[in-house]
Amino acid sequence: MTSRRPTPRELHHVVQQFAIAGGLKDVRPLQRGHIHDTFVSTWSQEGADVRFLHQRMNDKVFHDIPAVMHNIETVSSHLRKKMAGNRTLDGFRILDLVNTNEDRSYLVGDAGQWRTYSFIENTTSFDHCSGTKQAFEAAKGFGWFQSQLADLDASNLRETLPKFFSTPHRLQQFHDALDEDPRNRAKDCADDIEFAETRSEMAFVIERMLRSGEIPTRTVHGDTKLNNVLFCDRTGRAQCIVDLDTCMPGYSLYDFGDLVRFTAATSDEDERDLSKVGTDLTLYRALVDGYLDGTGGALSKVEVELMPFAARVVTYTIGLRFLADHLAGDVYFKVNRDNHNLDRARVQFRMVARMEEQAEAMEVTPR
Ligand code: GN1
Ligand code: MG
């Protein structure tokens with residue numbers, strides 16, 4: 001893919017190749033996520049404004065875009081079958097892909113590979129959690145989503161990003177970046193490297209338990225940031241789970257851990273003032289309750305007991321990924337400033353340290 005920003009002309013050309021009725025009014029960028037480029041277009045359809053969301057998919061990260069789209073279509077059609085023609089399932093909606101004029105699920109053009117979704121109006125996504133009700137709703141939504149995938153035959157899904165959830169794999173990538181150190185950055189992050197190294201034992205726990213069968217492999221969402229939930233503007237309820245790029249076989253608590261990492265954080269993911277970083281225990285409890293509610297009793301006793309550990313290990317894992325990318329020269333996550341990935345890694349590691357201190361207060365007893 002070309003990583004240069006598409007020109008307005010290119011953008012107009014791209015969106016007009018999707019099967020959308022009416023006249024195009026405008027296309028604007030939407031700041032969202034670290035991977036793809038996202039835009040919103042507005043069309044006039046019989047006098048009303050109708051919006052669509054377009055994404056230029058990052059094929060440096062996702063080498064196999066057909067496989068990504070295959071997974072999204074597989075998951076969506078699995079959910080749609082359960083909806084049996086209704087507009088919602090348990091109060092949740094599903095994102096609708098809009099095909100191209102050629103009836104394909106995505107567009108391959110000079111300006112990259114693109115997909116389009118209908119915009120779900122009267123909903124909002126949030127970068128910061130407003131309180132326990134929202135935390136509960138988000139966790140319930142992701143728990144619900146995961147439980148809906150329990151009867152999807154996982155062999156239908158492709159592994160679009162190999163070993164995506166594997167912490168040992170992330171540790172290896174970190175070590176590779178450290179050995180190579182192409183930008184000579186390791187010397188400026190000795191403390192961060194040491195933090196990563198002293199916690200490396202933690203990396204192997206989940207894989208060991210998966211291998212021994214102590215915890216099951218489950219198809220998961222894989223990117224349970226708060227801003228991947230659309231909340232109903234009227235009721236504040238979670239209405240739609242978005243960003244199905246990483247729906248793949250993993251372990252249930254990856255989703256829970258990532259939820260805590262982001263939603264219960266007391267700071268932004270890239271905060272520079274580390275004194276602000278930590279985990280809000282009240283929000284954490286709301287996430288536990290919401291997740292247990294959403295998964296509806298599907299989690300085993302061992303999984304429930306592992307919830308606090310999952311929060312720690314997933315936060316550590318994402319920290320490793322940010323630090324590895326910083327060392328590698330910012331080749332994976334988009335950055336907007338110097339040391340952006342290093343700042344992100346530091347926040348994750350500080351959160352891990354805080355969670356270690358709060359371990360007792362984070363325990364969950366199976367009900
Ligand atoms: C990436 O781009 P976004 O925000 O949807 C990443 C996630 C990380 C997250 C960290 C495909 O997600 O795994 O948890 O950044 N997605 C991919 O903020 O690597
Ligand atoms: Mg994502």
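Located above this text is the structure these notes cover.
Criteria and thresholds
Residues numbered from 1 in each chain as written. Chains lettered and ligands numbered in written order. Predicted model: local features only at pLDDT ≥ 70, side-chain atom pairs only at ≥ 80, totals over all residues. Heavy atoms only, no water. Helix = DSSP H or I, 4+ residues; strand = E, 2+ residues; numbered from the N terminus. Rg over C-alpha atoms; globule rule 2.2 N^0.38 Å. Buried < 20%, exposed > 50% of the residue type's maximum accessible area, 1.4 Å probe, protein only. Contact = heavy atoms within 4.5 Å. Areas by Shrake-Rupley, 256 points an atom, 1.4 Å probe, with all protein chains shown as cover. Expected span 1.5 Å × (residues − 1). Pairing = 2+ DSSP bridges. Near = heavy atom within 4 Å. Polar contact = N/O pair within 3.5 Å; in protein donor to acceptor, adjacent residues only side chain to side chain. Nonpolar A, V, L, I, M, F, W, Y, C, P; charged D, E, K, R; others polar. Lys, Arg positive; Asp, Glu negative; His and termini not counted. Salt bridge = Lys/Arg side-chain N within 4 Å of Asp/Glu carboxyl O. Donors = N, O, S within 2.8 Å, 3.2 Å for Na, K, Ca; no water. Phe/Tyr/Trp six-rings, centres within 6.5 Å; stacked < 30°, edge-to-face > 60°. Lys NZ or Arg CZ within 6 Å of the ring centre and 35° of its normal. 1 Å grid on protein atoms, 1.4 Å probe; cavity = no way out; pocket = protein on both sides within 12 Å on 5 of 7 lines; lining within 4 Å. Points joined across faces, edges and corners; volume = space filled by probe spheres on them. Axes fitted to C-alpha atoms, helices over the stretch in contact; angles between N-to-C directions.

Caption draft 1: Broad picture of the overall build of the chain. Each helix and strand counted, the chain has twelve helices and eleven strands in total. Relative to its length of 367 residues, the chain is compact, with a C-alpha radius of gyration of 20 Å against a globular reference of 21 Å. Along the first, second and third principal axes, the C-alpha set of the chain runs to 60 × 50 × 40 Å. Burial statistics for the chain: of 367 residues in total, 53% are counted as buried. Counted over contacts in the chain with a minimum sequence separation of 6, partners at least 24 positions apart contribute 73%. Here the chain displays about 16,600 Å² of accessible surface, and carbon together with sulfur accounts for 46% of that area.

Caption draft 2: How the structure looks around helix H3 (residues 132-148). Taking 1.5 Å as the rise per residue, H3 with 17 residues should run 24 Å; its terminal C-alpha atoms sit 24 Å apart, in good agreement. With twelve of its 17 residues buried, H3 lies for the most part within the structure. Here H3 has its buried residues at Gln134, Ala135, Glu137, Ala138, Ala139, Gly141, Phe142, Gly143, Trp144, Phe145, Gln146 and Gln148. Those residues of H3 that are buried are in contact with helix H2 (65-83), strand S8 (218-220), strand S9 (229-232), strand S10 (238-241), helix H7 (252-263) and helix H8 (281-295).

Caption draft 3: How the structure looks around the pairing of S9. The two faces of S9 match: Val229 and Phe231 on one face and Leu230 and Cys232 on the other face are all buried. As paired elements, strand S7 (residues 123-124) and S9 share two bridges and run antiparallel to each other. When the sheet's bridge partners are listed, Thr123 is paired in S9 with Cys232. Sheet topology note: the S9/S10 ladder contains three bridges and is antiparallel. Across the sheet, Phe231 pairs through a bridge with Ala238, a residue of S10. Counting the residues in the hairpin turn of S9 and S10 gives five residues, including Gly236, whose phi is positive at 75°.

Caption draft 4: Summary view of the site of ligand 1. Near ligand 1 there are 17 residues, and of these His34, Lys225, Glu269, Arg321 and Tyr332 occur at the shortest range. One of the side-chain N or O atoms of Asp223 is found 2.7 Å from an oxygen atom in ligand 1. One nitrogen or oxygen atom from the side chain of Glu269 is found 2.6 Å from an oxygen atom belonging to ligand 1. In the complex, the protein chains occlude 95% of the 450 Å² of accessible area that ligand 1 would expose alone. Examining the composition of the shell around ligand 1, we find that three residues originate from one element, helix H10 (residues 307-328), more than from any other. Taken together, the residues of the shell around ligand 1 break down into eight nonpolar, three polar and six charged.

Caption draft 5: Quick peek at the side chain of Arg321. Its location among the elements puts Arg321 in helix H10. Among buried charged residues, Arg321 stands out as having no salt bridge; its nearest opposite-charge side chain is Asp223, 7.3 Å away. Beyond its immediate chain neighbours, meaning those up to four positions away, Arg321 contacts Phe164, Arg170, Tyr254, Tyr332 and Phe333.

Caption draft 6: Here's a closer look at the coordination of the magnesium ion (ligand 2). The protein atoms that coordinate the magnesium ion (ligand 2) are Asp223 (OD) and Asp243 (OD), at distances of 1.9 to 2.0 Å. With Asp223 in the loop between S8 and S9 and Asp243 in the loop between S10 and strand S11 (248-250), the pair connects residues that are 20 residues apart, well separated along the chain.

Caption draft 7: The packing of aromatic side chains, seen in detail. Evaluation of the coordinates by the stated rule reveals 13 aromatic pairs. Through successive ring pairs, a cluster of aromatic residues spans Phe164, Phe165, Tyr251 and Tyr254. The ring of Phe119 carries the charged tip of Arg51 above its face, separated from the ring centre by 4.2 Å. Its end group placed over the ring of Phe195, Arg199 keeps NZ or CZ at 3.8 Å from the ring centre.

Caption draft 8: Just the pattern of salt bridges, in detail. Applying the stated criterion across every chain, the model contains 24 salt bridges. Ionic pairing is found between Asp26 and Arg28, a salt bridge with its closest N-O pair at 2.9 Å. With relative accessibility at 52%, the residue Arg28 sits in the exposed group. Notably, a salt bridge pairs Glu305 with Lys301, separated by 3.3 Å at the nearest N-O pair.

Caption draft 9: Summary view of unusual backbone geometry. Non-glycine residue Asp103 carries a positive phi angle of around 65°. Residue placement: Asp103 occurs in the loop between strand S4 (97-98) and strand S5 (107-109). Taking relative accessible area as the criterion, Asp103 reaches 61% and is therefore assigned exposed. The phi angle at Asp330 is positive, at roughly 60°, despite the residue not being glycine. Within the secondary structure layout, Asp330 lies in the loop between H10 and helix H11 (340-357).

Caption draft 10: Region of interest: the layout of surface pockets. Volume-wise, the second largest pocket comes out at about 420 Å³. Taken together, 18 residues line the second largest pocket, and the ones lying closest to its centre are His169, Arg170, Gln173, Arg321 and Tyr332. At the level of secondary structure, the elements contributing two or more residues to the lining of the second largest pocket comprise helix H4 (167-180) and H10. Of the residues assigned to the lining of the second largest pocket, the class counts are ten nonpolar, four polar and four charged.

Caption draft 11: Up close: the side chain of Ser105. Relative to the elements of secondary structure, Ser105 occurs in the loop between S4 and S5. Within the structure, Ser105 has its side chain in polar contact with the side chain of Glu73 (distance 3.2 Å).

Caption draft 12: Quick peek at the sheet that holds S10. Reading across the sheet, the three strands line up as S7-S9-S10 and stay open at both edges, with antiparallel pairing between neighbours. Unpaired on one side and paired on the other, S7 and S10 mark the two borders of the sheet. Lying over the sheet, H3 contacts S9 and S10, oriented at roughly 125° with respect to S9.

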